[in-house]
There are 2 protein chains.
Amino acid sequence: MTIKDVTAAIRRIPDFPAPGIVYIDITPLLQNQQIFAYIIELLAANHLENPPDYVAALDARGFIFGGALACQLGCGFIPIRKKGKLPHKTICKSYDLEYGSAEIEIHQDAIQPGNRVLLVDDLLATGGTATAACELLKELGAHIVEVAFVVELGFLAGKKKLHEYNVHSLIVE
Amino acid sequence: MTIKDVTAAIRRIPDFPAPGIVYIDITPLLQNQQIFAYIIELLAANHLENPPDYVAALDARGFIFGGALACQLGCGFIPIRKKGKLPHKTICKSYDLEYGSAEIEIHQDAIQPGNRVLLVDDLLATGGTATAACELLKELGAHIVEVAFVVELGFLAGKKKLHEYNVHSLIVE
């Protein structure tokens, strides 16, 4: 298994969810047990010697990789969710979308100052969501050890927006 | 670690998301690395000798446990999602909510007839979503080896609706 096998398994769906957009469908990567296990192994590799306190992940596809990664690294899991989904006291951050804006939240007591956190999501596009997630984590005092993605769309330059963090993308398109 | 420690870590939030409802908040179970690992160990225990082909899980909290469980058992992962989220050809099932109805989908090519599938979600309430998910899996020819939950709200009798499946709940309230 190499990273080329992972790239080859990505399914590209034209005009989803809107005309002109080529959607990166990662469900075939999950479906194939060898590929899924290999992705988790690669995401974990940088952290085996010094695991973070928490893996934080973004609602909803990030949860699949984040849950597996937390389990693999033996650390806790922190969900960052779309507004209105977390039931306890939260802090909230809005970020720009192509049209309009959206908001994500984290529980106020999810993290203690100084906790080492690895943020993971499936896809880095413009970086708006990931930047907002990092700001939430920092507001709670987290030390963000890495921001990891399975696929990065390089032409959208999301990595620039995340310049102050260690960004680790398994695949850059 | 015993199941009592897991039960004790559940956070109960009164009047969320609506007045009169006591919300079962499982985020403290994820946050605590020992508890999270113990839950995945318990969910995996029935399947170590004969792992399923796939773990299927429900959007969004089910993804956290499902991703970890698939990784632990060394099998593939199949997402079952709210309508409009899966980009390829899907089959769809609607189910009743307290007010109105909702729809969930699965990719048509997610499963081949005869595949052994373990369905997992965080919470069994009335069983509407899980029943719809099982119907989708069966429509694709899956053999559902078990339907597993972290918490079952026994007083809502969701298990009755799932009477034709092996239901495994770690905690019954």
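Anything mentioned here points back to the structure above.
Description of the structure in this document.

Rules of the game
Residues numbered from 1 in each chain as written. Chains lettered and ligands numbered in written order. Predicted model: local features only at pLDDT ≥ 70, side-chain atom pairs only at ≥ 80, totals over all residues. Heavy atoms only, no water. Helix = DSSP H or I, 4+ residues; strand = E, 2+ residues; numbered from the N terminus. Rg over C-alpha atoms; globule rule 2.2 N^0.38 Å. Buried < 20%, exposed > 50% of the residue type's maximum accessible area, 1.4 Å probe, protein only. Contact = heavy atoms within 4.5 Å. Lys, Arg positive; Asp, Glu negative; His and termini not counted. Charge placed at Lys NZ, Arg CZ, Asp CG, Glu CD. Phe/Tyr/Trp six-rings, centres within 6.5 Å; stacked < 30°, edge-to-face > 60°.

### Thoughts on the overall build of chain A
Across its full length, chain A holds six helices and nine strands. Scaling as 2.2 N^0.38, a compact globule of 173 residues should have a C-alpha radius of gyration of about 16 Å, and chain A matches this with 16 Å. Its C-alpha atoms put chain A at 40 × 40 × 30 Å along the principal axes. Across the 173 residues that make up chain A, the buried fraction comes to 55%. For chain A, the proportion of contacts with a sequence separation of at least 24, taken over those separated by at least 6, is 57%. Of the charged side chains in chain A, 15 are positive and 20 negative; the average position of the first set lies 2 Å away from that of the second.

### Overview of the packing of aromatic side chains
Applying the stated rule across the entire model yields six aromatic pairs over all chains. Residues A:F63 and A:F77 carry aromatic rings whose centres are separated by 5.8 Å and whose planes lie at 85 degrees to one another, so their mutual orientation is edge-to-face. Here A:F63, found in helix α4 (residues 61–73), pairs with A:F77, found in strand β4 (residues 76–82); they are 14 residues apart in sequence, far enough to count as distant. A:F77 gets classed as buried once you look at its relative accessible area, which sits at 0%. Aromatic side chains B:F16 and B:Y23 sit 5.1 Å apart centroid to centroid with 90 degrees between the ring planes, which places their arrangement in the edge-to-face category. Of the two residues, B:F16 and B:Y23, neither departs from the other in class, the shared state being buried.

### Observations regarding unusual backbone geometry
Along the chain, A:F16 connects to A:P17 via a cis peptide bond; the corresponding omega equals -5 degrees. Residue B:A60 is bonded to the preceding B:D59 through a cis peptide linkage, with omega at 5 degrees. Relative to the helices and strands, B:A60 is located in the loop between β3 (54–58) and α4 (61–73). Of note, A:A157 is a non-glycine position whose phi angle comes to about 60 degrees, a positive value. The residue A:A157 is located in the loop between β8 (143–152) and α6 (158–161) in this model.

Interpretation note: all reported values are geometric properties and have no functional meaning in isolation.
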